[in-house]
Structure formats: C-alpha cells, structure tokens
Amino acid sequence: MATIHPTLKVKPREGKRARAGSPWIFSNEIVMDAEMKALDPGEAVDVVLDDGTPLGTAIFNGKTLIAARLVSSEPGIALDADFFAARLARADAIRARLFATPFYRVAHAEADGLPGLVVDRYGDVLSVQMGAAGMDVRTDIIVAALRRVFEPRAIVLRNDFQARTLEGLPSLTALAYGKEPGEIAFKENGATFLCDPMTGQKTGWFYDQRENRAFAGRFAKGLSVLDVFSHAGGFALAALAAGASEALCIDASEKALGLAGKAASASGFEAKLGLRKADAFEALDDMAAQGVKFGLVIADPPAFAKSRKDIEPAARAYRKLARAAAAAVEPGGTLVLGSCSHHIDAARFHAECAAGIHQAKRPARLLRSSGADVDHPVHPHLPETAYLKALVFALD
Ligand code: SAH
C-alpha cells in the first residue's frame, strides 16, 4: 500500500533537469507554500509537476539549495528499513562482482539511489556519512537496514564533514552499533594497509584512488617514488608492491603517516619507505633547491576548491602544484596528478596541470585520464558527481 506523503509542487516550466532524469530539484524551482514551510528537514514528499504529472518520492529540505532529492520515480514509497535494505543489497551485489574481498565503497549516494548516503565497507565494519537531512533523520532505520544486510560487527557514523552545514546538520562522529573497531588491516594492490574508521580522515580510507594507484604502480619497477599528500601511503605502497626501489611519503598529518608506517611494516617494506611530515609545497620547494628527483611522482592533494568561490584560487594552486611536482620528476619519469574538487571540472584540471608542467619546462605526454574506481559510480544525470580526476603524464 502506498504511503501518503505531502505533495511538493514544482513551479510551472521548472524542474527541467528532474524531468530529464536528474534526482535534484532546487529551492527556486518549487512552490514553497505553508504546508512545505511547515515540514521538518528530511521529510518524505511526493513531487508533482505543475500539470500534475508525478515525478516520484523525494526527501525534502526546505532549508537548503537542493530542496528535494528524488529516491524513486514512484510516488508514495515508504522510506523504511525494507527500502534501505533493498537499495543497499543492490549496491553491494554490484561491488561483490567486482571485488574479491568486502573492502569497498558499498553505497555512493545518488548514484546508488541513496541520495546523500555514503557507506564504506571495511570487511565487517561499516563507516557511514550522511550528507542530506533526509538520511540523517533516518539514521536508526538506516542502521537497522545495514545490520540486516551486512551483519557487521560495528557501524561508525562519520558525520563530521563540512558539507553537512549546507543541510543545516551538525558535525559528529559516533559509534552507531557494536564496539569501537580500532585499526583495520586490509589488502589493496599487493600491499597491506591500515585504516581507522573512527579517527581517520573522511570514512577512514580513500578507496576512490584504488585503480589509479594500481595504474601508477605499472611505472614503478626499479624507481624511486615520491608520494606527496600521501595520506596513509596508498600510492607509495602500491608502487613498492609493484617493484619500486624506494618511496617517500610526504603529508601534513602525523596520524596518516603513522598508518603509512604501520602499513609498510605489515607489507614488509619498512626499509624502503620514508615518511616526512611537512607542508607539501614547502617540501617540493626544498627538494627543488637541492635538486632531488624521483622516477615516479604522485601529487594527490585534498580538495582545493571546497565551494564555487574557491574555483580561481584552487585552479592556481593546482597549477602551482603541477609545476612543483613536475620539477621533482627525473628525465623520462612519470607524474600522476589528482584532484578531488568537484568544483574544478576535468577540462579545467587538465588545463591547469598542462600549464604547470609547461611552466616547469617539461615536455610531456598525457598517457591516461581517469576518474574514481568503479565502487564510486556516477549518476548519469549528475555529471558533477564525477568529482575525482587523475592524470598520468610521461615527462621527457
Ligand atoms: N593520496 C592519498 C589521499 C590524499 S588525501 C591516497 O591515495 O590515499 C589528502 C592528504 O593531504 C591528507 O592526508 C592530508 O593530511 C594531506 N594534506 C593536506 N594539506 C596538506 C599540506 N599542505 N601538505 C601536506 N599534506 C597535506
């Protein structure tokens, strides 16, 4: 039986993207009548166009720009544990075909039909982010569904990220189920890594670069490797596992470097991995002054553009980083540049990297341009959800 939801009306001639398949309806596109104003953030609504055509069931938040996020093209869908369990099981079935072990992003928000909900799976530990009020208010239901589908030993809520403020949500980290998981060891690209879902960055690990780390590893044999903005060593250790002679991780976070060091020990590479706590730009300048170079250099920084207004300064920072990182590459070496800023699109990122490499006076070939690994799908009608860019250049 269909559930009765309040009706959210789209203004005449508005909702163009949603009609074409996008799940998002913006605050300027809706009729904000007294009934809508009275709704709490996160309530379920049925969305209808001006002519009465139903668009489906959505989660609503009248306090933010993305006012409604469609969860189904059917109206009257109950957002209960059965609903979430079915969506999560579907998302997991895709990953289970692609990965040998249960270490992956199991739910990637809109692209998996779960707007604003991210779930990373570390074996029997789940690390969850809720970036929409409609998910946040259903935390208990979602936790029940996660327990039903995955039978985890722990569920961690990593709701301590900046974008939540856009939805009027507080920042918090909490254990939603089970006991504190502590550090978790897992295999990726031939090395053993460690992550801490409670205290690590984001959900604990950046699975999105898995495939790009493997690709970078194909260049690594016999070379010295520099991994700037290394976090817990994802690129550096993949390169060592692929035969690099030595690697240096540079990161501003002692905690991240500590995990990289433990990962090196667990992988048998402690003698080959150097760790340096430093600002990446300063470290690159120092190395340039000393003429230190590497056969493979990876620079995968945090998002420089956190909002639209950051686009120009962020673009300059990507250019500066490309220039400094290119200068650290030996003749004939390889340069990997990453960006996770969704405000900087692929074309802009490419242009800034190309400009920076040119400023470093290094003739280059672009060998590969890629995005996030397959456990981070893109919603076909939200190209802006393709946030990750990775470019691989062979320098002369
Ligand atoms: N390349 C990593 C992910 C990088 S995330 C991987 O494959 O997993 C970005 C990293 O940059 C974080 O670990 C953060 O601690 C670090 N960081 C942020 N600002 C920095 C700075 N100014 N200098 C060095 N590291 C920095």
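## Some details on the environment of T199
Okay, step 1: For T199, the location among the structural elements is in the loop between β12 (191-195) and α6 (210-217).
Okay, step 2: Taking the C-alpha atoms as reference, T199 lies 8.7 Å from G182; in sequence the two are 17 residues apart.
Okay, step 3: Non-local contacts of T199, meaning those with residues more than four positions away in its chain, are made with R158 and K255.
Okay, step 4: At a separation of 2.9 Å, a polar atom in the side chain of T199 contacts the side chain of D196.
Okay, step 5: Polar contacts involving the side chain of T199 include one to the side chain of K255, which spans 2.9 Å.

## Notes on the site of the ligand
Okay, step 1: Close to the ligand lie 16 residues; R213, D251, D279, A280 and D300 are nearest.
Okay, step 2: D279 places a polar side-chain atom, nitrogen or oxygen, 2.8 Å from a nitrogen atom of the ligand.
Okay, step 3: In this structure, A280 approaches the ligand through a main-chain N or O atom, which is 2.8 Å from a nitrogen atom.
Okay, step 4: Here the shell around the ligand is composed, by residue class, of eight nonpolar, four polar and four charged.

## Considering the sheet that holds strand β19 (residues 389-395)
Strand pairs in the sheet, formed through backbone hydrogen bonds, run parallel or antiparallel to each other.
Okay, step 1: Here we have seven strands laid out as an open sheet, ordered β15-β14-β13-β16-β17-β19-β18, and mixed in their pairing. Strands with a single pairing partner mark the edges of an open sheet, and in this sheet they are β15 (273-277) and β18 (364-370). Across the sheet, the axes of successive neighbouring strands diverge by a mean angle of 15 degrees, strand direction being ignored.
Okay, step 2: Pairing of strand β17 (residues 329-339) with β19, which is carried by six bridges, proceeds in the antiparallel orientation. The partner of S339 across the bridge, within β19, is K389.
Okay, step 3: Those strands touched by helix α10 (residues 311-327) are β16 (294-299), β17 and β19, and its axis lies near 155 degrees from that of β17.
Okay, step 4: Against the sheet, helix α11 (residues 346-359) contacts β17, β18 and β19, and its axis sits at roughly 30 degrees relative to β19.

## Concerning helix α7 (residues 234-241)
Okay, step 1: Within α7, seven of the eight residues are buried, which leaves the element mostly enclosed by the surrounding structure.
Okay, step 2: Residues of α7 that are buried include every one of G234, F235, A236, L237, A238, A239 and L240, and no others.
Okay, step 3: Count one or two residues on from α7 and you reach G243, which has phi positive near 110 degrees.

## What to know about the packing of helix α3 (residues 81-98) against helix α5 (residues 139-150)
Okay, step 1: Here α3 crosses α5 at 50 degrees, and the two axes come no closer than 8 Å. Of the possible angle classes, the one that applies to α3 and α5 is oblique. Every pair of crossing elements has a handedness; the one defined by α3 and α5 is right-handed. Between α3, through A81, D82, F84, A85, L88, A89 and D92, and α5, the contact on the second element is made entirely by I141, I142, A145, L146, R148, V149 and F150.
Okay, step 2: Among the residues forming the contact of α3 with α5, the class breakdown is 11 nonpolar, no polar and three charged.

## As for the state of the cysteines
Okay, step 1: Evaluation of the coordinates by the stated rule reveals zero disulfides.
Okay, step 2: Looking at C195, it has no disulfide partner, and the nearest cysteine sulfur is the one in C249, 16 Å off.
Okay, step 3: Among the residues examined, C195 registers a relative accessible area of 0% and is labelled buried.

## A closer look at α3
Okay, step 1: End to end, α3 covers 26 Å across 18 residues, agreeing with the expected 26 Å (1.5 Å per residue, within 8%).
Okay, step 2: All of the buried residues along α3 are A81, F83, F84, A85, L88, A91, D92 and R95.
Okay, step 3: Of the surrounding secondary structure, the elements contacted by the buried residues of α3 are β5 (66-72), β6 (103-108), β7 (117-122), α4 (133-136) and α5.

What counts, and where the lines are drawn
Sequence positions are assigned chain by chain, starting from 1 and proceeding in written order. Local features are withheld for residues below a pLDDT of 70 in this predicted model, meaning they are given only at 70 or higher, and side-chain atom pairs are given and counted only at 80 or more; totals for whole chains, interfaces and linings count all residues. Side-chain figures throughout are based on the complete set of non-hydrogen atoms in the structure, without hydrogens or water. Numbering of helices and strands runs from the N terminus, with a helix taken as a DSSP run of H or I at least four residues long and a strand as a DSSP run of E at least two residues long. We call two residues contacting when some pair of their heavy atoms lies within 4.5 Å. Counting of polar contacts relies on pairs of N or O atoms within 3.5 Å, with two restrictions inside protein: one atom must be capable of donating a hydrogen and the other of accepting it, and residues adjacent in sequence are counted only when both atoms are side-chain atoms. For each residue, the test is whether any non-hydrogen atom lies within 4 Å of the molecule or strand; if one does, the residue is near. The residue classification treats Ala, Val, Leu, Ile, Met, Phe, Trp, Tyr, Cys and Pro as nonpolar and Asp, Glu, Lys and Arg as charged. All others, Gly included, are polar. Criterion used throughout: strands pair if DSSP finds at least two bridges between them. Axis angles are defined between N-to-C directions and span 0 to 180 degrees, where every axis is a line fitted to C-alpha atoms and, for a helix, only to the segment in contact. Relative accessibility decides the category of a residue: with a 1.4 Å probe and only protein chains considered, values under 20% of the type maximum give buried, values over 50% give exposed, and everything between is partly exposed. When describing relative orientation, an angle under 35 degrees is termed roughly parallel and one over 145 degrees roughly antiparallel, while 65 to 115 degrees is termed roughly perpendicular and anything else oblique. By the definition used in this description, the sense in which the near helix is turned from the far one sets the handedness, with an anticlockwise turn below a right angle giving left-handed and a clockwise turn giving right-handed. We call a pair of cysteine sulfur atoms a disulfide whenever their separation is within 2.5 Å. Each residue after the first adds 1.5 Å to the expected span of a helix.

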